[in-house]
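Working through the structure, step by step
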Amino acid sequence: MDAQKYLAARNKLSSRFLVLCLFAFLNACDQRKELVDQPLYEGPISSLDSISTFISDSGLFVMHIQAPKQHEFELGDIEWLEGVVVEYFDKKGNVTTIFSANYVYYTKKEELYHAKGNVVVRSNETGDELTTEELFWDEAKEEYYTEKFVTIKSDDEVHTGEGLTANQNFTSYQILKPSGTFILEDNPNNTLSGNAPVLVPKITSDSISKESVLLKEDSL
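In this text the structure is predicted, and so the values were computed from the model without any measurement.

**Quick look at the overall build of the chain**
A tally of regular secondary structure across the chain gives 2 helices and 13 strands. Expressed as a percentage of its 220 residues, the buried residues of the chain come to 31%. Excluding contacts between residues fewer than 6 apart, the proportion of contacts in the chain whose partners are at least 24 apart in sequence is 35%. Working note: accessible area of the chain is about 14600 Å², and carbon and sulfur atoms make up 55% of it.

Encoded structure:
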């Protein structure tokens, strides 16, 4: 093979090699573009069934979380789709408060729990019970709050209104826009269910809080 034929053959191979390189480069660019165009996965990175988790602080249990299903996300957020029950403990290990809801989402960055659907908070210390359809629990501040309609059963009374702030143990609370207070009394005329309680209106004009209710009862 003379020099001219050798150079022609080498140039032909070089051209083919360049074409193959260009094809590979374009193909890689297309694949990278497809990856970039794909939506980021924002779903849970793990799912657990029938969870029962104790959370401790300084060697003492402070919370017990029970739920049929739990989803955990990349940034540390947690979701309970099928309901959750949370028990809070005092330093002696006694359950002070029980919290439950149909759905709860915990945002780790804000340390905030957002509960929806049949939300119930009950204090074992006072027996007071809160029911509402939406409630926030600020873990750092250890307080509950909501702007939704609330009902609080306290001893033989039921307080209603919109908006609420309360401490974590639910021993101190305030209804921001009270709508009424009712006294639970036995109904002697109810023959179907025996002594079923009935609601009797109690006239109040000031804002309802745990402290103000106790003061009013002492002054009656």
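**Digging into the packing of aromatic side chains**
Tallying each qualifying case throughout the model produces 10 aromatic pairs. Judged by centre distance (5.9 Å) and plane angle (45°), the rings of Phe73 and Tyr105 are tilted. A residue pair is termed long-range when its members are at least 10 positions apart, and Phe73 in the loop between β2 (60-72) and β3 (78-80) and Tyr105 in strand β6 (residues 103-107) qualify at 32 residues. A relative accessible area of 15% means that Phe73 is categorised as buried. With a centroid separation of 5.3 Å and an interplanar angle of 10°, the aromatic rings of Phe136 and Tyr145 are classed as stacked. Among the aromatic residues, those joined into a cluster by ring pairs are Trp80, Tyr88, Tyr106, Tyr113 and Trp137.

**Brief notes about the confidence of the model for the chain**
Per-residue confidence for the chain averages 77 on the pLDDT scale, and 65% of its residues sit at or above 70. Segment residues 190-208: pLDDT under 50, and 47 contacts once partners within four positions in sequence are set aside and those in other chains are kept. Note on residues 211-220: pLDDT is under 50 here. Beyond four places in sequence and across chains, it has 12 contacts.

**Description of the environment of Glu133**
Inspection of the secondary structure puts Glu133 in strand β8 (residues 129-138). With 17 residues separating them along the chain, Glu133 and Val150 place their C-alpha atoms 7.9 Å apart. Looking at Glu133, its side chain comes within polar contact range of the main-chain nitrogen of Asn118, at 3.4 Å.

**Focus: the nonpolar core**
Residues Trp80, Val84, Phe99, Val104, Leu130, Tyr144 and Leu164 are the most contacted members of the largest nonpolar core, which totals 28 residues. Sorting elements by how many residues they give to this core places strand β7 (residues 112-123) first, with 4 residues. The contacts of Trp80, once residues within four sequence positions are left out, are Ile51, Ile65, Ala67, Lys69, Gln70, Asn102, Tyr103, Val104, Tyr106 and Tyr113.

**Re the pairing of β2**
As paired elements, strand β1 (residues 46-57) and β2 share 11 bridges and run antiparallel to each other. In the sheet register, Thr53 faces β2, and the bridge partner there is Ile65. Taken together, β1 and the strand that follows it, β2, pair antiparallel across an intervening segment of 2 residues, in which Ser58 is found at a positive phi of about 55°. By the bridge criterion, 4 bridges tie β2 to strand β4 (residues 84-89) in an arrangement that is antiparallel. Opposite Ile65, over in β4, you have Val86 as the bridge partner. When β2 meets β3, the two strands line up antiparallel, connected through 2 bridges. Paired with His71 across the two strands is Glu79, which belongs to β3.

**Observations concerning the pattern of salt bridges**
With the rule as written, the count across this model stands at 2 salt bridges. One salt bridge in this structure joins Asp49 and Lys69, with 2.6 Å as the shortest N-O distance. Residue Asp49 is located in strand β1, and its partner Lys69 is located in strand β2; the two are separated by 20 residues in the primary sequence. For Lys69, a relative accessible area of 22% corresponds to the partly exposed category. The residue Arg122 makes a salt bridge to Glu129 at a minimum N-O spacing of 3.8 Å. For Arg122, a relative accessible area of 36% puts it in the partly exposed group.

**Digging into the pairing of β6**
Only one face of β6 is covered, namely the one carrying Val104 and Tyr106; the face carrying Tyr103, Tyr105 and Thr107 has none of its residues buried. As defined by bridge partners, β3 adjoins β6 across 3 bridges and the pair is classed as antiparallel. Paired with Ile78 across the bridge in β6 is Tyr106. Sheet topology places β6 next to β7; 5 bridges connect them, and they run antiparallel. When the sheet's bridge partners are listed, Tyr105 is paired in β7 with His114. In this antiparallel pair of consecutive strands, β6 and β7, the connection spans 4 residues, and Glu111 shows a positive phi of 50°.

Analysis parameters
Residues numbered from 1 in each chain as written. Predicted model: local features only at pLDDT ≥ 70, side-chain atom pairs only at ≥ 80, totals over all residues. Heavy atoms only, no water. Helix = DSSP H or I, 4+ residues; strand = E, 2+ residues; numbered from the N terminus. Buried < 20%, exposed > 50% of the residue type's maximum accessible area, 1.4 Å probe, protein only. Contact = heavy atoms within 4.5 Å. Areas by Shrake-Rupley, 256 points an atom, 1.4 Å probe, with all protein chains shown as cover. Phe/Tyr/Trp six-rings, centres within 6.5 Å; stacked < 30°, edge-to-face > 60°. pLDDT = per-residue confidence, 0-100. Polar contact = N/O pair within 3.5 Å; in protein donor to acceptor, adjacent residues only side chain to side chain. Core = buried A, V, L, I, M, F, W, Y, C linked by side-chain atoms within 4.5 Å. Pairing = 2+ DSSP bridges. Salt bridge = Lys/Arg side-chain N within 4 Å of Asp/Glu carboxyl O.

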